[in-house]
Every structure is written in structure tokens, then in C-alpha cells.
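Descriptive analysis of the structure
Chain by chain, the residues:
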Amino acid sequence: MKQIVYRFKDALYINLTNRCPNSCVFCIKTKFAMRFDKYDLNLCGQEPTSEEVISVLQKEMAQEPVKEIVFCGYGEPTMRLKTLLETAEKIKQLYPQVKLRLNTIGLGSLVNGRDISGELAKNIDEISISLNSPDAQEWQKIVRPKAEYAAQGYQAMLAFVRACAPKMNTIVSIVDKQNIDVEKTKKLAQELGAKLRIREFIDEM
Ligand code: SF4
């Protein structure tokens with residue numbers, strides 16, 4: 001069965017797609033053969049509709065309610081912007097008290113050809129953007145973007161952070177143990193109006 005919603009710690013996670021504009025050096029989806037914890041997150045190309053996601057979420061919430069729901073699977077949620085926005089709106093209608101977070105690589109505006117921060121902010125409370133590096137060349141080496149996003153990707157990601165920061169709680173992240181200049185990244189995060197989080201490097205499960 002395709003795993004479109006999974007439970008991890010105190011939250012429910014939505015796996016909207018396996019597509020991604022990047023191929024990060026630390027990506028665990030290839031390392032763990034699309035598995036995470038006890039779940040198989042391989043959608044085998046069958047991306048869920050908003051109705052499917054809501055139906056599974058309702059069952060999970062009835063079993064054990066959570067305070068946070070996160071768009072974050074083995075893929076980039078903004079690759080499916082329409083479904084993401086529809087699903088976020090329905091979740092907020094059903095569970096207004098739940099915190100809704102989007103984990104993203106920050107290329108959503110570039111991929112969709114317009115500034116999407118305002119559309120996201122209508123229902124997303126918190127956005128966590130993988131900054132990965134305070135340096136454009138280093139970023140390219142780490143995230144290995146597809147050719148069509150390579151030239152503009154880094155600047156587009158920074159512009160996206162700037163656009164999100166006044167609209168919702170905005171966090172930028174780097175991954176631990178990647179030799180990233182933390183002080184420089186802190187300064188950049190501040191300039192962008194975002195908070196910095198250092199994510200754990202996951203090596204094994
Ligand atoms: S952005 Fe996430 S899903 Fe995409 S390659 Fe990087 S780590 Fe993997």
C-alpha cells in the first residue's frame with residue numbers, strides 16, 4: 001500500500017510526491033531504499049489526490065490526534081503546488097487548532113514560475129527551508145540541482161526565504177556534519193529574516 005501519510009514522533013507527515021528538483025548528497029531516500037522508520041515511502045508514481053490525503057488523515061486523527069501536521073515526504077511538496085494548497089486549506093478547515101508546517105528545499109517559486117509565498121501563507125503556519133549552505137557554489141555541490149535549476153537556484157531559494165519571512169514563521173536549516181560555516185549561515189539567516197536550525201545528519205536507521 002502506498003504510504004501517503006505517516007506518523008513520526010508527535011506529528012503526522014504527508015508524502016505528496018517522490019519527485020524532487022535536487023539530488024542532495026545526504027538524501028536518505030536513496031540510502032534507505034525509500035524506507036523511513038517502518039514505512040515504505042515509495043509512491044511508485046501514484047501521487048495521492050487531496051481527497052485521498054484527507055481521508056487517511058481523518059482516520060489517523062480519529063485514532064490518535066496530533067498537534068502538528070507536516071508536508072514532508074521523500075520528495076518536494078511544492079512540485080505539487082495545487083494539491084498542496086488544496087490539502088492545506090482542507091486541513092485548516094477540519095483542524096484549525098493544528099499547526100501546519102511545510103518542509104521544502106525553497107525552489108517552489110522557481111519551479112512554479114511565480115512567487116508562491118503568499119498562497120502558502122494562507123494556511124501554512126511554519127515553513128522550514130533547507131538552506132544547506134551560505135555559499136552558492138557549495139550549495140550546488142551539496143544539493144546537486146537538476147540542470148534547469150542550477151544557474152538560478154540558489155538566488156531563487158534566498159528570494160523565497162525573504163518572501164516567506166514576513167508572512168509565516170520561517171526557519172532555514174543546514175545539516176550537521178557537512179562542514180558548513182555555521183556563523184556565516186547564522187548571519188545570512190538573520191539578514192533573510194529567518195531563524196536557523198541545524199538538522200541532524202541521518203546516517204542510519
Ligand atoms: S531535497 Fe530532500 S528529497 Fe530532494 S534530494 Fe534533497 S534530501 Fe532528497
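These notes cover the structure that comes with them.

Reading guide: rules and limits
- Each chain has its residues counted from 1, running along the sequence as written.
- Given that this is a predicted model, residues contribute local features only at a pLDDT of at least 70 and side-chain atom pairs are listed and counted only at 80 or more, while totals for whole chains, interfaces and linings are drawn from all residues.
- In this text, helices come from DSSP runs of H or I with a minimum length of four residues, and strands from runs of E with a minimum of two, each type numbered from the N-terminal end.
- For the radius of gyration, the atoms used are the C-alpha atoms, and the globule rule reads 2.2 Å times the number of residues raised to 0.38.
- Three exposure classes are used, all based on how many other C-beta atoms lie within 10 Å of a residue's own C-beta (placed from the backbone): buried at 20 or more, exposed at 12 or fewer, and partly exposed between those limits.
- Two residues form a contact once the distance between their C-beta atoms, set from the backbone, is within 7 Å.
- Being near a molecule or strand means, for a residue, that its backbone-placed C-beta atom lies within 6 Å of it.
- Note on residue categories: nonpolar means Ala, Val, Leu, Ile, Met, Phe, Trp, Tyr, Cys or Pro, charged means Asp, Glu, Lys or Arg, and polar means any other residue, Gly included.
- The criterion for strand pairing is that DSSP finds at least two bridges linking the strands in question.
- A crossover counts as right-handed when, viewed with the strands pointing away from the observer, the path leading from the first strand over the helix to the second turns clockwise.
- A fitted line through C-alpha atoms serves as each axis, taken over the contacting stretch for helices, and the angle formed by two N-to-C directions is quoted from 0 to 180°.
- Core membership is restricted to buried Ala, Val, Leu, Ile, Met, Phe, Trp, Tyr and Cys residues, and these are joined into a nonpolar core through C-beta atoms within 7 Å.
- If you view the pair so one helix is near and one far, a crossing is left-handed when the near helix is turned anticlockwise from the far one by less than a right angle, and right-handed when it is turned clockwise.

1. Observations regarding the overall build of the protein
Broken down by element type, the protein carries 9 helices and 9 strands. Taken against the 2.2 N^0.38 rule, which gives 17 Å for 205 residues, the C-alpha radius of gyration of the protein at 16 Å falls within 12% of a compact globule. Its C-alpha atoms give the protein principal-axis dimensions of about 45 × 35 × 30 Å. Within the protein, buried positions represent 37% of all 205 residues. Partitioning the intrachain contacts of the protein with sequence separation of at least 6 by distance along the chain shows that 80% fall at a separation of at least 24.

2. Some thoughts on the site of the ligand
The local shell around the ligand consists of Cys 20, Asn 22, Ser 23, Cys 24, Cys 27, Lys 29, Tyr 74, Gly 75, Glu 76 and Ile 105. Class assignment of the residues belonging to the shell around the ligand gives a composition of 5 nonpolar, 3 polar and 2 charged.

3. Points about the pairing of strand β6 (residues 99-104)
Sheet topology note: the strand β5 (residues 68-71)/β6 ladder contains 4 bridges and is parallel. Paired with Phe 71 across the two strands is Leu 102, which belongs to β6. For the handedness criterion, the β-α-β arrangement of β5, helix α3 (residues 81-94) and β6 is classed as right-handed. Where β6 meets strand β7 (residues 126-130), 4 bridges bridge the pair, whose relative direction is parallel. Its bridge partner being in β7, Asn 103 is matched across the sheet by Ser 128.

4. Details of the sheet that holds strand β2 (residues 11-14)
Strand order across the open sheet formed by 7 strands is β1-β2-β5-β6-β7-β8-β9, with mixed pairing between neighbours. Here the strands that pair on one side only, and so sit at the sheet edges, are β1 (5-8) and β9 (195-199). Mean inter-strand twist for the sheet, computed between neighbouring axes without regard to direction, equals 25 degrees. On the sheet, helix α9 (residues 182-192) packs against β8 (169-175) and β9 and is oriented at approximately 140 degrees with respect to β9.

5. Concerning the environment of Asn 123
Structurally, Asn 123 is set in the loop between α5 (117-121) and β7. Leaving out residues up to four positions away in the same chain, Asn 123 has contacts with Ala 88, Glu 89, Lys 92 and Leu 100.

6. Remarks on the nonpolar core
General note: in soluble globular proteins, nonpolar side chains tend to be found buried as a group. Among the nonpolar cores identified, the biggest contains 42 residues, and Val 5, Ile 14, Val 161, Val 172, Leu 192 and Ala 194 are the most heavily contacted of them. Among residues more than four places away in sequence, those in contact with Val 161 are Gly 106, Ile 129, Thr 170, Val 172, Leu 192 and Ala 194.

7. What to know about the packing of helix α2 (residues 50-63) against α3
Where α2 meets α3, the closest approach of the two axes is 9 Å, and the angle between their N-to-C directions is 35 degrees. By crossing handedness, the relation of α2 to α3 is classed as right-handed. The residues of α3 that touch α2, namely those facing Ser 50, Val 53, Ile 54 and Leu 57, are Thr 83, Glu 86, Thr 87, Lys 90 and Ile 91. Of the residues belonging to the contact of α2 with α3, the class tally is 4 nonpolar, 3 polar and 2 charged.

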